[in-house]
Amino acid sequence: KKNISFKQFNIITPRKSFGGILKYIIFFPIEILTLFIYFKTQKFDIVHINSSFQFKGLLAAYLSGTHTVWHLNDTQTPKIVKIIFSILSPLSNSFIFASQKSKLYYSDLLDKRKFNSVIQAPVNTKEFKLTKLSYGDKSKNIKIGTICNPNPVKDLFTYIKVAKKI
(Lines give C-alpha, C1' and ligand atoms only; values in the text may rest on other atoms or scores of the structure.)
Protein backbone atom coordinates (compact mmCIF):
# COMPACT_ATOMS: atom_id res chain seq x y z
CA LYS A 1 0.00 0.00 0.00
CA LYS A 2 1.19 3.47 -0.83
CA ASN A 3 1.36 6.20 1.74
CA ILE A 4 -1.32 8.74 0.84
CA SER A 5 -1.35 11.94 2.83
CA PHE A 6 -4.64 13.56 3.75
CA LYS A 7 -6.06 16.24 5.98
CA GLN A 8 -9.33 15.79 7.79
CA PHE A 9 -11.59 18.77 8.54
CA ASN A 10 -14.44 18.70 11.03
CA ILE A 11 -17.04 20.22 8.72
CA ILE A 12 -20.48 20.68 10.23
CA THR A 13 -23.28 18.99 8.34
CA PRO A 14 -26.86 20.24 8.50
CA ARG A 15 -29.10 18.66 11.12
CA LYS A 16 -32.88 18.74 11.35
CA SER A 17 -32.93 20.37 14.79
CA PHE A 18 -33.06 24.16 15.18
CA GLY A 19 -29.72 24.12 17.01
CA GLY A 20 -28.13 21.98 14.30
CA ILE A 21 -29.30 24.31 11.53
CA LEU A 22 -28.19 27.38 13.48
CA LYS A 23 -24.72 25.88 14.08
CA TYR A 24 -24.46 25.00 10.38
CA ILE A 25 -25.33 28.59 9.36
CA ILE A 26 -23.02 30.23 11.92
CA PHE A 27 -19.99 28.14 10.95
CA PHE A 28 -20.72 28.17 7.20
CA PRO A 29 -18.51 31.19 6.32
CA ILE A 30 -15.73 30.13 8.71
CA GLU A 31 -15.55 26.64 7.19
CA ILE A 32 -15.60 27.98 3.63
CA LEU A 33 -12.74 30.34 4.53
CA THR A 34 -10.79 27.47 6.14
CA LEU A 35 -11.23 25.28 3.05
CA PHE A 36 -10.48 28.20 0.71
CA ILE A 37 -7.15 28.87 2.44
CA TYR A 38 -6.26 25.19 2.39
CA PHE A 39 -7.12 24.77 -1.32
CA LYS A 40 -5.25 27.97 -2.22
CA THR A 41 -2.08 27.02 -0.30
CA GLN A 42 -2.05 23.40 -1.47
CA LYS A 43 -2.56 24.38 -5.14
CA PHE A 44 -4.67 21.35 -6.03
CA ASP A 45 -5.35 20.65 -9.70
CA ILE A 46 -8.85 19.47 -8.92
CA VAL A 47 -11.15 19.06 -5.93
CA HIS A 48 -13.58 16.13 -5.74
CA ILE A 49 -16.92 17.12 -4.20
CA ASN A 50 -18.78 14.04 -2.95
CA SER A 51 -22.59 14.39 -2.72
CA SER A 52 -25.06 17.16 -3.45
CA PHE A 53 -24.96 18.22 0.21
CA GLN A 54 -21.30 19.34 0.02
CA PHE A 55 -21.82 22.98 -0.88
CA LYS A 56 -18.96 24.26 1.27
CA GLY A 57 -16.24 22.39 -0.60
CA LEU A 58 -17.64 23.54 -3.95
CA LEU A 59 -17.78 27.20 -2.90
CA ALA A 60 -14.28 27.12 -1.39
CA ALA A 61 -12.81 25.43 -4.48
CA TYR A 62 -14.57 27.87 -6.80
CA LEU A 63 -13.37 30.89 -4.81
CA SER A 64 -9.80 29.52 -4.78
CA GLY A 65 -9.85 29.06 -8.56
CA THR A 66 -9.53 25.28 -8.28
CA HIS A 67 -11.32 23.05 -10.79
CA THR A 68 -13.97 20.73 -9.39
CA VAL A 69 -15.66 17.47 -10.19
CA TRP A 70 -18.95 17.01 -8.36
CA HIS A 71 -19.67 13.34 -7.65
CA LEU A 72 -23.40 12.70 -7.25
CA ASN A 73 -25.13 9.54 -6.13
CA ASP A 74 -28.51 10.82 -5.00
CA THR A 75 -31.85 9.91 -6.55
CA GLN A 76 -33.88 11.77 -3.98
CA THR A 77 -33.00 14.81 -1.87
CA PRO A 78 -34.93 17.35 0.17
CA LYS A 79 -36.37 20.06 -2.09
CA ILE A 80 -34.13 22.75 -0.54
CA VAL A 81 -31.00 20.75 -1.42
CA LYS A 82 -32.12 20.40 -5.04
CA ILE A 83 -32.85 24.14 -5.23
CA ILE A 84 -29.43 25.02 -3.80
CA PHE A 85 -27.82 22.49 -6.15
CA SER A 86 -29.51 24.11 -9.15
CA ILE A 87 -28.13 27.50 -8.08
CA LEU A 88 -24.58 26.28 -7.36
CA SER A 89 -24.10 23.61 -10.05
CA PRO A 90 -22.84 26.16 -12.62
CA LEU A 91 -19.80 26.64 -10.34
CA SER A 92 -18.63 23.05 -10.89
CA ASN A 93 -16.43 22.22 -13.88
CA SER A 94 -17.68 18.65 -14.31
CA PHE A 95 -19.94 15.98 -12.85
CA ILE A 96 -19.64 12.26 -12.15
CA PHE A 97 -22.69 10.17 -11.38
CA ALA A 98 -22.76 6.89 -9.48
CA SER A 99 -25.55 5.54 -11.68
CA GLN A 100 -27.71 6.32 -14.70
CA LYS A 101 -30.57 6.92 -12.29
CA SER A 102 -28.66 9.62 -10.40
CA LYS A 103 -27.66 11.21 -13.72
CA LEU A 104 -31.31 11.26 -14.77
CA TYR A 105 -32.29 12.79 -11.42
CA TYR A 106 -29.99 15.79 -11.98
CA SER A 107 -30.01 16.02 -15.79
CA ASP A 108 -32.52 18.88 -16.03
CA LEU A 109 -30.36 21.02 -13.72
CA LEU A 110 -27.04 20.61 -15.52
CA ASP A 111 -25.32 22.63 -18.20
CA LYS A 112 -25.10 20.08 -21.03
CA ARG A 113 -21.83 21.62 -22.25
CA LYS A 114 -20.01 20.56 -19.08
CA PHE A 115 -18.33 17.19 -18.90
CA ASN A 116 -20.41 14.54 -17.15
CA SER A 117 -20.09 10.78 -16.94
CA VAL A 118 -21.40 7.76 -15.07
CA ILE A 119 -18.75 5.90 -13.09
CA GLN A 120 -20.16 3.07 -11.05
CA ALA A 121 -18.45 1.89 -7.91
CA PRO A 122 -16.68 -1.47 -8.04
CA VAL A 123 -18.16 -4.31 -6.01
CA ASN A 124 -16.12 -6.63 -3.81
CA THR A 125 -17.55 -10.01 -4.86
CA LYS A 126 -16.03 -11.71 -1.81
CA GLU A 127 -18.26 -9.65 0.49
CA PHE A 128 -21.50 -9.59 -1.51
CA LYS A 129 -23.46 -12.68 -2.50
CA LEU A 130 -25.38 -13.08 -5.74
CA THR A 131 -29.07 -12.35 -5.24
CA LYS A 132 -31.87 -13.66 -7.46
CA LEU A 133 -34.61 -11.33 -8.63
CA SER A 134 -37.50 -12.23 -10.88
CA TYR A 135 -39.69 -9.98 -12.95
CA GLY A 136 -42.60 -10.35 -15.32
CA ASP A 137 -42.95 -13.18 -17.81
CA LYS A 138 -41.20 -16.28 -16.45
CA SER A 139 -41.96 -18.30 -19.61
CA LYS A 140 -39.16 -16.54 -21.55
CA ASN A 141 -36.57 -18.17 -19.28
CA ILE A 142 -34.15 -15.25 -19.12
CA LYS A 143 -31.18 -15.57 -16.78
CA ILE A 144 -29.39 -12.43 -15.57
CA GLY A 145 -26.51 -12.25 -13.15
CA THR A 146 -25.56 -9.16 -11.22
CA ILE A 147 -23.41 -8.52 -8.21
CA CYS A 148 -24.88 -5.80 -6.05
CA ASN A 149 -26.86 -4.99 -2.98
CA PRO A 150 -30.38 -4.90 -4.46
CA ASN A 151 -32.37 -1.82 -3.54
CA PRO A 152 -34.88 0.42 -5.31
CA VAL A 153 -32.27 3.10 -6.02
CA LYS A 154 -30.33 0.76 -8.31
CA ASP A 155 -33.48 0.17 -10.36
CA LEU A 156 -32.63 -3.43 -11.24
CA PHE A 157 -36.05 -3.98 -12.77
CA THR A 158 -35.20 -1.55 -15.59
CA TYR A 159 -32.00 -3.54 -16.11
CA ILE A 160 -34.08 -6.74 -16.36
CA LYS A 161 -36.53 -5.15 -18.83
CA VAL A 162 -33.65 -4.03 -21.06
CA ALA A 163 -31.99 -7.45 -20.86
CA LYS A 164 -35.24 -9.07 -22.03
CA LYS A 165 -35.09 -6.96 -25.21
CA ILE A 166 -31.53 -7.95 -26.11
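Definitions and cut-offs
Residues numbered from 1 in each chain as written. Predicted model: local features only at pLDDT ≥ 70, side-chain atom pairs only at ≥ 80, totals over all residues. Heavy atoms only, no water. Helix = DSSP H or I, 4+ residues; strand = E, 2+ residues; numbered from the N terminus. Buried < 20%, exposed > 50% of the residue type's maximum accessible area, 1.4 Å probe, protein only. Pairing = 2+ DSSP bridges. Right-handed = clockwise from strand over helix to strand, strands pointing away. Phe/Tyr/Trp six-rings, centres within 6.5 Å; stacked < 30°, edge-to-face > 60°.

(A) Quick peek at the environment of G57. Structurally, the position occupied by G57 is in helix α2 (residues 55-64). As for G57 and T68, which are separated by eleven residues in sequence, their C-alpha atoms are 9.2 Å apart.

(B) How the structure looks around the pairing of strand β1 (residues 46-50). The side-chain alternation of β1 yields one buried face, formed by V47 and I49, and one unburied face, formed by I46, H48 and N50. Note: β1 against strand β2 (residues 67-72), five bridges, orientation parallel. Within the sheet, the bridge partner assigned to H48 lies in β2 and is V69. Read from β1 through α2 to β2, the crossover connection turns out right-handed.

(C) The packing of aromatic side chains, seen in detail. Per the counting criterion, the structure on display carries ten aromatic pairs. Where F9 meets Y38, the ring centres are 5.1 Å apart and the plane angle is 70°; that geometry is what we call edge-to-face. Pair noted here: F9 is in the segment before α1 (18-42) and Y38 is in helix α1, with a separation of 29 residues, a long-range link. Residue classification places F9 among the partly exposed positions, given a relative accessible area of 23%. The exposure class of Y38 is buried, given its relative accessible area of 19%. Ring centres of Y24 and F28 lie 5.6 Å apart, and the angle between their planes is 65°; on these two criteria the pair is classed as edge-to-face. Separated by four residues within a single helix, Y24 and F28 lie in helix α1, roughly one turn from each other. Looking at Y24, the relative accessible area reads 13%, which means it is buried.

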